[in-house]
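This is what each chain is made of:
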Amino acid sequence: MATMAASHLFCNTNSLETRSFKQSFSSYKPKGFLSVRKLRTHVVKATSDGKKQVELVYNLDEKLNKLADEVDMNAGLSRLSLFSPCKINVFLRITDKRPDGFHDLASLFHVISLGDKIKFSLSPSKSTDRLSTNVPGIPLDDRNLIIKALNLYRKKTGSDKFFWVHVDKRVPTGAGLGGGSSNAATALWAANQFSGCLATEKELQEWSGEIGSDVPFFFSNGAAYCTGRGEIVQDIPTPVPFDLPMVLIKPPEACSTAEVYKRFRLDVSSSVDPLTLLEKISKNGISQDVCVNDLEPPAFEVLPSLKRLKQRILAAGRGKYDAVFMSGSGSTIVGVGSPDPPQFIYDEEDYKDVFLSEATFITRTEQQWYTEPSSSSATSLGDQFSCAA
């Protein structure tokens, strides 16, 4: 009998003791994190004279784990640190001029391993977000896309949560890398996590188009064929290997997107079918002939030194790059196939202030945000140069 008592608990199903046990068990609230994996399953046998014997099995592991999860959920998030990666346009075709003044494009967008780190904390304020960054010149008010995104989320969901946000800026501005758009998408994702996921990913993607044309892309899996103004996003299997290296080279001068589009001429742009480019990349990978960017000619008019930079990289690379091209509306030149810049970048005084970073292609898993590869070697912009807003 003593042996049985060690492994079983006997009680009467109609007894006061049984009811008390059930009440105390169901009302038990663990404090903090509980490690309950080692608890054994207990069997409760209930008997009463003249009635059928009933065996009730309580799995304490499962019960207490559920209670611990409830505590974590009720406590909610108070801090969250997220990686905010940038993108490159492997090709960028401008296909038409729209009545609203924008242009229709067709482009292969792909997320890469260079990105900012953003820390979010719940603010005690119920009226104001607070934004800080490691780089001077970045607007910290509602001109910043992060603040725009947080305001939009509250407007769409009715959330009353405000935040303290710090951005460790690594992606240069005015680079054609979509750093600000990525920050906005990351802020929407963060706000949704703090609010218990009031919105679906699809809703976040749809809403984000109100902030900017490139923002919806970051809610893709990381590789997408984008059309319209860029807001029509079609997820595709990544057509490039993740271990394909690249180098990003950006001069201190930025290209004004508005000025580049102002100088763009549809009648002299490329006529190649963008779907043909996508098919070639999917079959044969990246090569110089498929990395078409219709914004290069107008960008090179705005910034002639950028054209010289691309030409010199092509010549100095001596074939070590699979392709050399400008991303977005500039002013970043991308060399795919090697993580190393040509030697003249190090040797010549004219290039002492360029931004340099190696990168690889990355994607994300559905319902999870992007994570920074452990091998990433990017350093903070605050340690390299100051960016103009």
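Conventions we followed
- Residues numbered from 1 in each chain as written.
- Predicted model: local features only at pLDDT ≥ 70, side-chain atom pairs only at ≥ 80, totals over all residues.
- Heavy atoms only, no water.
- Helix = DSSP H or I, 4+ residues; strand = E, 2+ residues; numbered from the N terminus.
- Expected span 1.5 Å × (residues − 1).
- Buried < 20%, exposed > 50% of the residue type's maximum accessible area, 1.4 Å probe, protein only.
- Contact = heavy atoms within 4.5 Å.
- Polar contact = N/O pair within 3.5 Å; in protein donor to acceptor, adjacent residues only side chain to side chain.
- Pairing = 2+ DSSP bridges.
- Right-handed = clockwise from strand over helix to strand, strands pointing away.
- Salt bridge = Lys/Arg side-chain N within 4 Å of Asp/Glu carboxyl O.
- Phe/Tyr/Trp six-rings, centres within 6.5 Å; stacked < 30°, edge-to-face > 60°.
- Lys NZ or Arg CZ within 6 Å of the ring centre and 35° of its normal.
- Axes fitted to C-alpha atoms, helices over the stretch in contact; angles between N-to-C directions.

Here we look at helix α4 (residues 145-157)
(1) Moving on: In this model, α4 (13 residues) spans 18 Å end to end at C-alpha, consistent with the 18 Å of a helix rising 1.5 Å per residue.
(2) Moving on: Among the residues of α4, Ile-146, Ile-147, Ala-149, Leu-150, Leu-152, Tyr-153 and Arg-154 are the ones counted as buried.
(3) Moving on: In this fold, the buried residues of α4 make contact with β5 (103-122), β6 (130-133), β7 (163-168), α5 (179-194) and α6 (201-208).
(4) Moving on: Between the side-chain oxygen at the start of α4 and the backbone nitrogen of Ile-146 there is a gap of 2.9 Å, and the oxygen is on Asn-144.
(5) Moving on: The positive-phi residue at the C-terminal boundary of α4 is Gly-158, with phi of around 80 degrees.

Focus on the pairing of β7
Note on strand geometry: in a regular strand, side chains alternate between the two faces of the sheet.
(1) Moving on: Pairing of β5 with β7, which is carried by six bridges, proceeds in the antiparallel orientation. Counterpart to Lys-119 in the pairing with β7 is His-166.
(2) Moving on: Pairing analysis gives four bridges linking β6 to β7, with the strands arranged parallel. For Leu-131, the partnering residue across the bridge sits in β7 and is Val-165.
(3) Moving on: Traced from β6 through α4 to β7, the parallel crossover comes out left-handed.

Side note on the pattern of salt bridges
(1) Moving on: This structure, assessed with the given rule, holds 18 salt bridges.
(2) Moving on: For Glu-372, the salt bridge goes to Lys-117, with nearest N and O atoms at 3.4 Å. You can see Glu-372 sitting in the segment after β13 (355-359) and its partner Lys-117 sitting in strand β5, a full 255 residues away along the chain.
(3) Moving on: Across the pair Asp-129 and Arg-154 runs a salt bridge, and its minimum N-O distance is 2.5 Å. Placement of the pair is Asp-129 in the loop between β5 and β6 and Arg-154 in helix α4, with a sequence separation of 25 residues. Each member of the pair, Asp-129 together with Arg-154, is buried.
(4) Moving on: What you see here is one network of salt bridges that share partners, running through Lys-117, Asp-168, Arg-170 and Glu-372.

As for the environment of Pro-252
(1) Moving on: Mapped onto the elements of the fold, Pro-252 is located in the loop between β10 (246-250) and α7 (257-263).
(2) Moving on: Each C-alpha atom of the pair Pro-252 and Tyr-351 lies 9.1 Å from the other, and the pair is 99 residues apart in sequence.

A closer look at the packing of aromatic side chains
(1) Moving on: Under the definition given, this model contains eight aromatic pairs.
(2) Moving on: An angle of 65 degrees between the planes, with centres 6.4 Å apart, marks the rings of Tyr-153 and Trp-207 as edge-to-face. Of this pair, Tyr-153 sits in helix α4 while Trp-207 sits in helix α6, and the two are 54 residues apart along the sequence. As far as burial versus exposure is concerned, Tyr-153 and Trp-207 are alike and both buried.
(3) Moving on: An aromatic cluster is present here, built from Trp-189, Phe-219, Trp-369 and Tyr-370 joined pairwise through their rings.
(4) Moving on: We note Arg-130 situated over the ring of Trp-164; from NZ or CZ to the ring centre the distance is 4.0 Å.
(5) Moving on: Taking the ring centre of Phe-344 as reference, the NZ or CZ of Arg-312 above it sits at 4.1 Å.

Re the pairing of strand β12 (residues 333-336)
(1) Moving on: Going residue by residue along β12, you find Ile-333 and Gly-335 tucked away on one face and Val-334 and Val-336 tucked away on the opposite face as well.
(2) Moving on: Bridge count for strand β11 (residues 323-326) against β12 is four bridges, and the pairing is antiparallel. Bridge pairing links Val-324 to Gly-335 in β12.

Details of the sheet that holds β12
(1) Moving on: One open sheet accounts for four strands, arranged β11-β12-β10-β13; its pairing is antiparallel. Looking at strand neighbours, the two that pair on one side only are β11 and β13, the edges of this open sheet. Strand-to-strand twist across the sheet, computed as the mean angle between neighbouring axes with direction ignored, equals 20 degrees.
(2) Moving on: Taken together, the four bridges between β10 and β12 define a ladder with antiparallel strand orientation. For Ile-249, the partnering residue across the bridge sits in β12 and is Ile-333.
(3) Moving on: Relative to the sheet, helix α10 (residues 304-317) contacts β10, β11 and β12, its axis offset from that of β11 by approximately 170 degrees.

A word on the environment of Ser-331
(1) Moving on: Among the secondary structure elements, Ser-331 is positioned in the loop between β11 and β12.
(2) Moving on: When its relative accessible area of 0% is taken as the criterion, Ser-331 is described as buried.
(3) Moving on: With 35 residues separating them in the primary sequence, Ser-331 and Glu-296 have C-alpha atoms 9.4 Å apart.
(4) Moving on: Look past the residues within four positions of Ser-331 in its chain and what remains in contact with it is Gly-174, Ala-175, Gly-176, Ile-249, Lys-250, Pro-251, Glu-253, Ala-254, Cys-255, Leu-303 and Leu-306.

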